[in-house]
Amino acid sequence: MSQQPNAFAEMPLPLFDADEAANPAPMAAGRLPSYIADHRKRLRARFMQGGAQAMPDYEMLELVLFRAIPRQDVKPLARALLDRFGDFNGVIAAAPARLKEVRGTGDAVICELKIVEAAAHRLARARVLQRHVVSSWEQLLDYCHTTMAHRDTEQFRILFLDRKNVLIADEEQARGTVDHVPVYPREVVKRALEMNASALILVHNHPSGDPTPSEADIAMTHQIETAAQALSITLHDHLIIGKSRELSFRAEGLL
């Protein structure tokens, strides 16, 4: 019995990446459906005319996802990510392992989100590095919130200042768990000497969102202050970054 040729064997198959395969949407011959193309065009035009202020979080997120998933409707994924992580900032700052838990989030999506996050950090950092901290205090707080407010584990950073209180360096010294980060006063002061810094600002985040210092936070700060004073290094402040506000040890009379 002769075998009939399969009429579909010769047809080319559309190519999908992992992100697109997990978000199936109607397509014709590998082309983007017109209603999706028109939607993308309208969103881009609105962004160019009104900027981010003219767009809710889910539409801003769609704009980012367009590049990662060029041939599919990304609105369901944008909604799913916001449902999981709360807002645009929460999505951008989420750890890759947690992002992958959301169906449809593959490597291409994660890469785009992390590029946006890295760009935001660089822009915020550029506004404070090599600037006098007093005259750029609001920008400094913005930088700390951008880099730390949405982290799901604690991070401890040191801002190094010169004799004129110009920020000369910013370094992460330690990462911890959801409610603890190991800090060693001797290492903090040692690094300050290596950086030839005259003053320090300590910064760490509270993933719970509440920047109220713990007894351990207060004790550790006083230990660093004592070690720094012995070497004529000034501890200007210790900032604890919460989700929507920060706490200054100096302003609270804790330094």
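Residues numbered from 1 in each chain as written. Predicted model: local features only at pLDDT ≥ 70, side-chain atom pairs only at ≥ 80, totals over all residues. Heavy atoms only, no water.

Draft legend 1. Main features of the overall build of the protein chain. For the protein chain, the helix and strand inventory stands at ten helices and five strands. Of all 255 residues assigned to the protein chain, the portion counted as buried reaches 42%. A fraction of 62% describes how many contacts in the protein chain between residues 6 or more apart in sequence connect residues 24 or more apart. Looking at the protein chain as shown, the accessible area adds up to about 14,400 Å², and 53% of this sits on carbon and sulfur atoms. (Helix = DSSP H or I, 4+ residues; strand = E, 2+ residues; numbered from the N terminus. Buried < 20%, exposed > 50% of the residue type's maximum accessible area, 1.4 Å probe, protein only. Contact = heavy atoms within 4.5 Å. Areas by Shrake-Rupley, 256 points an atom, 1.4 Å probe, with all protein chains shown as cover.)

Draft legend 2. Just the pattern of salt bridges, in detail. Within this structure, the stated rule accounts for eleven salt bridges. Of the charged contacts in the structure, one is a salt bridge between Glu112 and Arg67, with a shortest N-O distance of 3.3 Å. One end of the pair, Glu112, is in helix H7 (residues 107-126); the other, Arg67, is in helix H3 (residues 57-68), with 45 residues separating them in the sequence. The exposure class assigned to Glu112 is buried, which follows from its relative accessible area of 14%. With a closest N to O distance of 3.3 Å, Asp107 and Lys100 form a salt bridge. Neither Asp107 nor Lys100 differs from the other in exposure class; each is exposed. By sharing partners, the salt bridges in this structure join Arg125, Arg157 and Asp170 into a single network. (Salt bridge = Lys/Arg side-chain N within 4 Å of Asp/Glu carboxyl O.)

Draft legend 3. Structural view of the nonpolar core. Counting 25 residues, the largest nonpolar core has Leu61, Leu65, Leu81, Val91, Leu99 and Leu113 as its most contacted members. Elements represented by at least two residues in this core include exactly H3, helix H4 (75-85), helix H5 (88-93) and H7. Apart from the residues lying within four places of it in its own chain, the contact partners of Val91 are Leu61, Leu81, Leu82, Phe85, Leu99 and Leu113. (Core = buried A, V, L, I, M, F, W, Y, C linked by side-chain atoms within 4.5 Å.)

Draft legend 4. Structural view of the side chain of Thr221. Looking at the secondary structure, you find Thr221 in helix H10 (residues 215-229). Looking at Thr221, the relative accessible area reads 0%, which means it is buried. Excluding anything up to four places from it in sequence, Thr221 contacts Leu235, His238, Phe249 and Leu255.

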